[in-house]
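In case you want the letters, here they are:
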Amino acid sequence: MDTPEVTALYALVAERLKLAHDRVHALNVSTEAKTALTRQLLIVTETAKRDLPGAARRLTRFVQDLDEGRQPLG
């Protein structure tokens, strides 16, 4: 049974993943680049199933890289 804090973190990570997917979809990059970025987001999704705090950290780094104009490395 999840605590309210864990449930809230799941909701936050889910919302941030959705926003990150939207950002990747809107990028003006090649299909290959979008595919690679989408795969990285899927890895974050899978990570969240077993390591929620780790997934949140990974997603934060991913978004920071996007904000700074770098393609995240995963």
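Basis of the calculations
- Residues numbered from 1 in each chain as written.
- Predicted model: local features only at pLDDT ≥ 70, side-chain atom pairs only at ≥ 80, totals over all residues.
- Heavy atoms only, no water.
- Helix = DSSP H or I, 4+ residues; strand = E, 2+ residues; numbered from the N terminus.
- Contact = heavy atoms within 4.5 Å.
- Expected span 1.5 Å × (residues − 1).
- Buried < 20%, exposed > 50% of the residue type's maximum accessible area, 1.4 Å probe, protein only.
- Arc of directions from axis to C-beta.
- Axes fitted to C-alpha atoms, helices over the stretch in contact; angles between N-to-C directions.
- Parallel < 35°, antiparallel > 145°, perpendicular 65-115°, else oblique.
- Left-handed = near helix turned anticlockwise from the far one by under 90°.
- Nonpolar A, V, L, I, M, F, W, Y, C, P; charged D, E, K, R; others polar.

1. A few points about the environment of Val29
Secondary-structure assignment places Val29 in the loop between helix H1 (4-26) and helix H2 (31-50). Sequence separation between Val29 and Pro53 is 24 residues, and the spatial gap between their C-alpha atoms is 30 Å. Dropping the residues within four chain positions of it, Val29 is found in contact with Lys34 and Gln71.

2. Observations regarding H2
Between its first and last C-alpha atoms H2 spans 30 Å; for 20 residues at 1.5 Å apiece the expected length is 28 Å, and the two agree. Among the residues of H2, those classed as buried are Ala33, Leu37, Gln40, Leu41, Val44, Thr47 and Ala48. All buried residues of H2 fall inside an arc of 110° around its axis, so they share one side. Turned more than 90 degrees away from the buried face of H2, the exposed residues are Thr31, Glu32, Arg39, Lys49 and Arg50.

3. Focus on the packing of H1 against helix H3 (residues 52-67)
At a closest axis distance of 10 Å, the pairing of H1 and H3 adopts a crossing angle of 30°. Relative to H3, the element H1 is oriented roughly parallel. Crossing angle aside, the handedness with which H1 passes H3 is left-handed. Of the residues in H3, those touching H1 at Val6, Leu9, Tyr10, Val13, Arg16, Leu17, Ala20, Arg23 and Val24 are Leu52, Ala56, Leu59, Thr60, Phe62, Val63, Leu66 and Asp67. Its residues placed into classes, the contact of H1 with H3 shows 13 nonpolar, 1 polar and 3 charged.

Note that all results are geometric; they support no functional claim without further evidence.
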